[in-house]
Amino acid sequence: SKDKEFQRLVNIIMKPEERIVKARMKNSNNWIKGYYIYDSTNQKHFIYPLDNSAIKNELIEIDETTLCYFIGLKDKNKIPIYSNDIVIIDNEPDYEYFIVEWNTDLARFVLNGDTYMVDFDNYNSTDCEVIGNKVGYPEYDFLNKHIWSI
């Protein structure tokens, strides 16, 4: 499946500190960051929070539909970039929003816009600015065209 292939590639190419995810806590709008754990026996999704979290040494159940993977890069404001983030790119002739998505065919994260797609070979992450996440901004019309493929 795409999920297993993605996770396999993440484990190969990313250092442990880059395997961070964020998601909304189950039955809450609160986000939590940490390490993703899937309990296949009970079919539940959890995050083990980062050390600097207010919640320590406890697995937090999450809404798996909000799961976002840290891509290992930071934007121009040194904000970590996650899958499903909404970004704008400096010096783009047309003001366009892009969604950070995993592209299975290219085996990399890309910036998928309303009219075209680019990747981090075209732009440095410091050319980007995270302005939100599609999980939190469903009102953006073009976002409905993009299916979360991770």
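Residues numbered from 1 in each chain as written. Predicted model: local features only at pLDDT ≥ 70, side-chain atom pairs only at ≥ 80, totals over all residues. Heavy atoms only, no water.

S.K.: Please explain the overall build of the protein as it appears in this structure.
M.R.: Secondary structure assignment for the protein yields 1 helix and 11 strands. For the protein, the N- to C-terminal ordering of α and β elements is α-β-β-β-β-β-β-β-β-β-β-β. Summed over its atoms, the accessible surface of the protein is roughly 8,900 Å², and 47% of this surface lies on carbon and sulfur atoms. (Helix = DSSP H or I, 4+ residues; strand = E, 2+ residues; numbered from the N terminus. Areas by Shrake-Rupley, 256 points an atom, 1.4 Å probe, with all protein chains shown as cover.)

S.K.: I would appreciate a short explanation of the pairing of strand β1 (residues 20-24) in the present structure.
M.R.: A regular strand places its side chains so that they alternate between the two faces of the sheet. The buried fraction of β1 amounts to 5 of the 5 residues, a majority that puts the element mostly inside the structure. A two-sided burial pattern is seen for β1, the buried positions comprising Ile-20, Lys-22 and Arg-24 on one face and Val-21 and Ala-23 on the other. Pairing analysis gives 5 bridges linking β1 to strand β2 (residues 31-39), with the strands arranged antiparallel. Residue pairing across strands places Lys-22 opposite Lys-33, the latter belonging to β2. Remark: 6 residues form the turn of the hairpin made by β1 and β2, two consecutive strands paired antiparallel; Asn-27 in that turn has positive phi of roughly 60 degrees. Inspection of the sheet shows β1 paired to strand β5 (residues 68-74) by 2 bridges, in the antiparallel sense. Within β5, the residue paired with Lys-22 across the bridge is Cys-68. (Buried < 20%, exposed > 50% of the residue type's maximum accessible area, 1.4 Å probe, protein only. Pairing = 2+ DSSP bridges.)

S.K.: What is the right way to look at a nonpolar patch on the surface in this model?
M.R.: A surface patch of nonpolar side chains, about 320 Å² in accessible area, is lined by Tyr-35, Ile-37, Tyr-48 and Leu-59. The topology assignment puts Leu-59 in the loop between β3 (44-49) and β4 (60-61). Assessed through its relative accessible area of 43%, Leu-59 is described here as partly exposed. (Patch = residues over 30% accessible without salt bridge, like charges linked within 9 Å, V, L, I, M, F, W, Y side chains within 5 Å. Salt bridge = Lys/Arg side-chain N within 4 Å of Asp/Glu carboxyl O.)

S.K.: For this particular structure, what's the right way to read the pattern of salt bridges?
M.R.: Where side chains of opposite charge bring their charged atoms close, a pairing between them can arise. By the definition in use, this model includes 5 salt bridges. Of the charged contacts, one joins Arg-108 and Asp-119 as a salt bridge, the two residues approaching to 3.0 Å between their closest N and O atoms. Placement of the pair is Arg-108 in strand β9 (residues 108-113) and Asp-119 in strand β10 (residues 117-119), with a sequence separation of 11 residues. Looking at Arg-108, the relative accessible area reads 29%, which means it is partly exposed. For Asp-119, a relative accessible area of 10% puts it in the buried group. Connected via shared salt-bridge partners are Lys-76, Asp-90 and Glu-129.

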